[in-house]
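# A look at the structure
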Amino acid sequence: MARLPRLTTKPRKATPPLLAGRRPANAAAAATGKDRTPAELWSDGLGRAGTRAAQVLLIIIVAAVSIFALMQIKLLVIPVLIALILAAAIGPFVNLLRRRGLPGGLATGIAFVALLLVLAGVFTVIYFSVRNQWAELAAQASSGLDELEEFLRTGPIPVDQQQLEQGRQAIVDFATSSQVRSGAITGLSVVTEFLAGAALMVVILFFFLKDGAKIWNFLLRPFTGQREAKMRRVGRRTLEVLGGYVRGTAIVALVDTVAIGAALLILQVPLAFPLAIIVFIGAFIPLVGATVAGILAALVALVANGPVVALIVVAVVIAVNQLEGDLLQPVVMGKSLQLHALVILMALTAGTILAGIIGAVLSVPLAAVAWAIVQVWTAEDPGLEDMNPDLPPANSQPV
């Protein structure tokens, strides 16, 4: 009987103690994330936070570049914005004339000439009022400065005459310095830009009033379907907000002007009419415009009529501002400016930094329009009335 071969097994090598608990290389790499795919890396909490941060940074960069680019052509951008606001304010009047049977060009011409006559009348009143009362105000200002100097020399904290002379000389030196001369040259260029911008604004306003519907219809050509409907709602809402804001602010400003101007006339403060018009213009800058104009009126009253009259002017300005904030704006403005006071203040600050006084005037209505657009795009906007019936229906081709 044949013997079977003997099976022998080799003894296993002992596993070193340091490697006894070691897992396979691929498992360790998976645990540490070295072999994770990019999708897995961006799917956890940190990845999602990084995605949002990158999106926010991209939006900020795009916004900053856009604002910088617009500021380089502000001589064009600002007249366009002002013309758009004025067109939204007087557009319903043009539409009313058209519905009465007047041709589009004639209705636009009537509204356009009426606006120019109003602006020309305002500047004419300011010019003649300042010219007729400037000598009297200069004399009263000189006497007021003399009284102030006497008070500084003999008041509770007397100032030495030599110090007063040094301060006066410092003012004279500054007035005759090269810095002031360069500032005057800069001011001359600003005046030139203002006149050029005003002329451009007049032309753009005329075409907005005459062909606004065709222009808007042309801009909507790339959009179709739901996007076109939303864009048309954005256009109607923009006209509603801008027109309501301008008309409401004009009513509030008129009330402020009448109240403060009447007080200045009764108190016989010089330059009452120009100061009242400055109050009217300042009212278009919410929160601070009418207050600053009232302070200017109080300073004129202090120089020309003394501290008692100045205090009365300050009291009248405070009372009018309280009436405006608590009663007039909620009733007159309605829903045309649904912005919190903090948002208005931030918009004013940003507008002033970017474009000065013009930026302060334009920032609040633009912020209101931006919020209205957000509401329309997120379907949170209430029912809209068609503020511009001349717009053609959706899906129609431009003429």
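What counts, and at which threshold
Residues numbered from 1 in each chain as written. Predicted model: local features only at pLDDT ≥ 70, side-chain atom pairs only at ≥ 80, totals over all residues. Heavy atoms only, no water. Helix = DSSP H or I, 4+ residues; strand = E, 2+ residues; numbered from the N terminus. Buried < 20%, exposed > 50% of the residue type's maximum accessible area, 1.4 Å probe, protein only. Contact = heavy atoms within 4.5 Å. Areas by Shrake-Rupley, 256 points an atom, 1.4 Å probe, with all protein chains shown as cover. Expected span 1.5 Å × (residues − 1). Patch = residues over 30% accessible without salt bridge, like charges linked within 9 Å, V, L, I, M, F, W, Y side chains within 5 Å. Salt bridge = Lys/Arg side-chain N within 4 Å of Asp/Glu carboxyl O. Phe/Tyr/Trp six-rings, centres within 6.5 Å; stacked < 30°, edge-to-face > 60°. Axes fitted to C-alpha atoms, helices over the stretch in contact; angles between N-to-C directions. Parallel < 35°, antiparallel > 145°, perpendicular 65-115°, else oblique. Left-handed = near helix turned anticlockwise from the far one by under 90°. pLDDT = per-residue confidence, 0-100.

### Some points on the overall build of the protein chain
Along its length, the protein chain carries twelve helices and zero strands. Start at the N end of the protein chain and walk to the C end: the helices and strands fall as α-α-α-α-α-α-α-α-α-α-α-α. Expressed as a percentage of the 399 residues in the protein chain, the buried residues total 29%. Excluding contacts between residues fewer than 6 apart, the proportion of contacts in the protein chain whose partners are at least 24 apart in sequence is 72%. About 26000 Å² of surface is accessible on the protein chain, with carbon and sulfur atoms providing 70% of the total.

### Overview of helix 8 (residues 225-266)
Along an α-helix, a turn takes 3.6 residues, which lines up residues three or four apart on a common side. Relative to the 62 Å expected for 42 residues at 1.5 Å per residue, helix 8 spans 62 Å between its end C-alpha atoms, a close match to the ideal helical length. Where helix 8 ends, the next residue or the one after it, Gln268, has phi of about 60°, a positive value.

### Quick look at a nonpolar patch on the surface
On the surface, a cluster of nonpolar side chains totalling about 320 Å² of accessible area is made up of Leu70, Ile73, Leu76 and Leu200. In this fold, Leu200 is placed in helix 7 (residues 178-219). Assessed through its relative accessible area of 30%, Leu200 is described here as partly exposed.

### Things to note about the packing of aromatic side chains
For any pair of aromatic rings, the description rests on two quantities: the centre-to-centre distance and the angle between the ring planes. In this structure the tally under the stated criterion is two aromatic pairs. Residues Phe112 and Phe206 carry aromatic rings whose centres are separated by 5.6 Å and whose planes lie at 75° to one another, so their mutual orientation is edge-to-face. Highlighted residues: Phe112 in helix 5 (residues 104-154) and Phe206 in helix 7, separated in sequence by 94 residues. The class for Phe112 is buried, based on a relative accessible area of 11%. Consider the rings of Phe206 and Phe207, whose centres lie 5.7 Å apart with planes at 80°: the pair is edge-to-face. Judged by relative accessible area, which is 28%, Phe206 ranks as partly exposed. Each member of the aromatic cluster is reached from another via a ring pair, and the members are Phe112, Phe206 and Phe207.

### Let's talk about the packing of helix 9 (residues 272-282) against helix 10 (residues 289-305)
Where helix 9 contacts helix 10, the axes come no closer than 7 Å and their chain directions differ by 165°. With respect to helix 10, the axis of helix 9 lies roughly antiparallel. Two packed elements cross with a definite hand, and for helix 9 against helix 10 that hand is right-handed. Between helix 9, through Leu275, Ile278, Val279 and Gly282, and helix 10, the contact on the second element is made entirely by Gly289, Ala290, Ala293, Leu296, Ala297 and Val300.

### Section: the pattern of salt bridges
Summed over the entire model, instances satisfying the criterion amount to three salt bridges. With its nearest N and O atoms 3.5 Å apart, the salt bridge here joins Lys210 to Asp211. The closest approach of N and O atoms between Glu228 and Arg232, which form a salt bridge, is 3.4 Å. Taken together, the residues span about one helical turn, with Glu228 and Arg232 both in helix 8 at a distance of four residues. Each member of the pair, Glu228 as well as Arg232, carries the same accessibility label: buried.

### Quick word on the confidence of the model for the protein chain
Per-chain confidence: the protein chain averages 74 in pLDDT, with 69% of residues scoring 70 or above. Per-element confidence in the protein chain is highest for helix 3 (residues 45-72), whose mean pLDDT is 87, and lowest for helix 1 (residues 25-32), whose mean pLDDT is 49. Within the model, the stretch residues 384-399 combines pLDDT values under 50 with 33 contacts to residues more than four positions away or in other chains.

### Observations concerning the side chain of Thr238
Looking at the secondary structure, you find Thr238 in helix 8. Excluding residues within four positions of it along the chain, Thr238 makes contact with Val369 and Ile373.

### Considerations on the environment of Val269
The topology assignment puts Val269 in the loop between helix 8 and helix 9. Put simply, Val269 and Leu302 are 33 residues apart on the chain and 9.2 Å apart in space, counted from C-alpha to C-alpha. If we ignore the near neighbours within four places in the chain, the residues touching Val269 are Leu264, Leu275, Val300, Ala301, Asn305, Val309 and Val313.

### What about unusual backbone geometry?
Trans is the prevailing form of peptide bonds, just as negative phi is the prevailing case for residues other than glycine. Unusually for a residue other than glycine, Gln268 sits at a positive phi of about 60°. With respect to the helices, strands and loops of the structure, Gln268 is situated in the loop between helix 8 and helix 9. For Gln268, a relative accessible area of 64% translates into the label exposed.

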